[in-house]
Amino acid sequence: MEENKNNNSVSFGNYVETYQKEVQSSINFIGQDVDFFIELKANLIKSIAGKFLSNIEEIKVLDIGSGIGLTDHHLAKHFKNLYGVDVEEDVVNKAREYNPSVNYSLYNGSLLPHDDNSMDLVFAINVMHHVPPAGWNNFAAEMYRVTRKGGIAIVFEHNPLNPLTRLAVSRCEFDKDAVLLHKSKLKKLFTSAAFNIAQDSYIVFFPFNRKFFRSIEKFLCWLPLGAQHFVVGKK
């Protein structure tokens, strides 16, 4: 569950060295390591890319709010052209050290430092709940701008309908400013930005890494009780 950073009052630069520990402390009651949630979403991104795009090893991929690069660490070996942006210089520098093959840039929180129609896949993991609601439309519009025609954008967010999710967020030091988004809101934001909704799903019903539980989740994607959710938009 990588809590990435965008333009908000919490300085994630203060957590460069303790980031994973802070997140882990907020979810200890679940009995699962934070890496489980990070890898789960990285695998979902690879799966979604394979579903909607071709030659995925060659596609250009952008991680918005890449944080210290925890998710990118799982993706770099699968995507040769992986880019990341974040608003904190210390965070970006840490990500560069952790993932030397990834192209990281500083981001002002409003305008992505990439050209129009330059990316095949754009994603943001648990970023938008840190963006002030007044900036949500611009966030989605910027994702649309840099996505090429035929490309996709994916946003993962916490599910406010899940009580354990709300508990984890309340326990996380840098989620104090969080405004959680319902999946329906994400879909409206994507539609307003001119994306076509290609897929949407609730995820993380069981904090277990066994294939049995992962296979069951595929049949529960419609149920609004998963800890998180995602929306895929196609341009």
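Residues numbered from 1 in each chain as written. Predicted model: local features only at pLDDT ≥ 70, side-chain atom pairs only at ≥ 80, totals over all residues. Heavy atoms only, no water.

Engineer: What am I meant to see in the sheet that holds strand S1 (residues 60-64) here?
Structural biologist: Paired through backbone hydrogen bonds, the strands of a sheet run either parallel or antiparallel to each other. The sheet built from seven strands is open, its strands ordered S3-S2-S1-S4-S5-S7-S6 with mixed pairing. Looking at the sheet topology across the chains shown, the edges are occupied by strand S3 (103-106) and strand S6 (196-203). Taking the axes of each pair of neighbouring strands and ignoring which way they run, one obtains an average angle of 15° across the sheet. Pairing of strand S4 (residues 119-125) with strand S5 (residues 147-158), which is carried by six bridges, proceeds in the parallel orientation. Bridge pairing in S5 links Phe123 to Ile154. Those strands touched by helix H7 (residues 183-192) are S5, S6 and strand S7 (228-234), and its axis lies near 15° from that of S7. (Pairing = 2+ DSSP bridges. Helix = DSSP H or I, 4+ residues; strand = E, 2+ residues; numbered from the N terminus. Axes fitted to C-alpha atoms, helices over the stretch in contact; angles between N-to-C directions. Contact = heavy atoms within 4.5 Å.)

Engineer: Teacher, can you tell me more about the confidence of the model for the chain here?
Structural biologist: One rule of thumb: low pLDDT means the predicted coordinates there are not for detailed reading. For the chain, mean pLDDT is 87; residues scoring 70 or higher make up 83% of the total. Counted against residues more than four places away or in other chains, residues 1-9, with its pLDDT under 50, gives 62 contacts. (pLDDT = per-residue confidence, 0-100.)

Engineer: Any chance you could explain the packing of aromatic side chains here in plain terms?
Structural biologist: Aromatic rings considered in pairs are described by the distance between their centres and by the relative angle of their planes. Considering all chains together, one arrives at four aromatic pairs under this definition. Geometrically, the ring pair formed by Phe156 and Phe230 is tilted, given 5.4 Å between the ring centres and 45° between the ring planes. With Phe156 in strand S5 and Phe230 in strand S7, this residue pair connects regions lying 74 residues apart in the sequence. Among the residues examined, Phe230 registers a relative accessible area of 2% and is labelled buried. Among the aromatic side chains, those forming a connected cluster through ring pairs are Tyr144, Phe190 and Phe195. (Phe/Tyr/Trp six-rings, centres within 6.5 Å; stacked < 30°, edge-to-face > 60°. Buried < 20%, exposed > 50% of the residue type's maximum accessible area, 1.4 Å probe, protein only.)

Engineer: Please explain the nonpolar core as it appears in this structure.
Structural biologist: In summary, soluble globular proteins display a tendency toward joint burial of nonpolar side chains. In this structure, Ile45, Phe79, Leu121, Ile152 and Ile154 are the most contacted members of the largest nonpolar core, which totals 29 residues. Of all the secondary structure elements, the ones that give two or more residues to this core are helix H2 (34-52), helix H4 (89-98), S4, S5 and S7. Sort the elements by how many residues they give to this core and H2 lands first, with eight residues. Contact partners of Ile152, with chain neighbours within four places excluded, come to Ile48, Phe52, Leu53, Asp120, Leu121, Val122, Thr147, Val232, Gly233 and Lys234. Val87, Tyr107, Trp136 and Ala140 belong to the second-largest nonpolar core, a separate cluster that totals 27 residues. (Core = buried A, V, L, I, M, F, W, Y, C linked by side-chain atoms within 4.5 Å.)

Engineer: Teacher, can you tell me more about the pattern of salt bridges here?
Structural biologist: A side chain of one charge can pair with a side chain of the opposite charge when the charged atoms of the two come close. Taken as a whole and judged by the stated rule, the model has six salt bridges. A salt bridge links Lys187 to Asp200; its shortest N-O distance comes to 3.5 Å. Taken together, the residues span a long stretch of sequence, with Lys187 in helix H7 and Asp200 in strand S6 at a distance of 13 residues. For Asp200, a relative accessible area of 26% gives the class partly exposed. Where salt bridges share partners, they join Asp116, Glu142 and Arg145 into one cluster. (Salt bridge = Lys/Arg side-chain N within 4 Å of Asp/Glu carboxyl O.)

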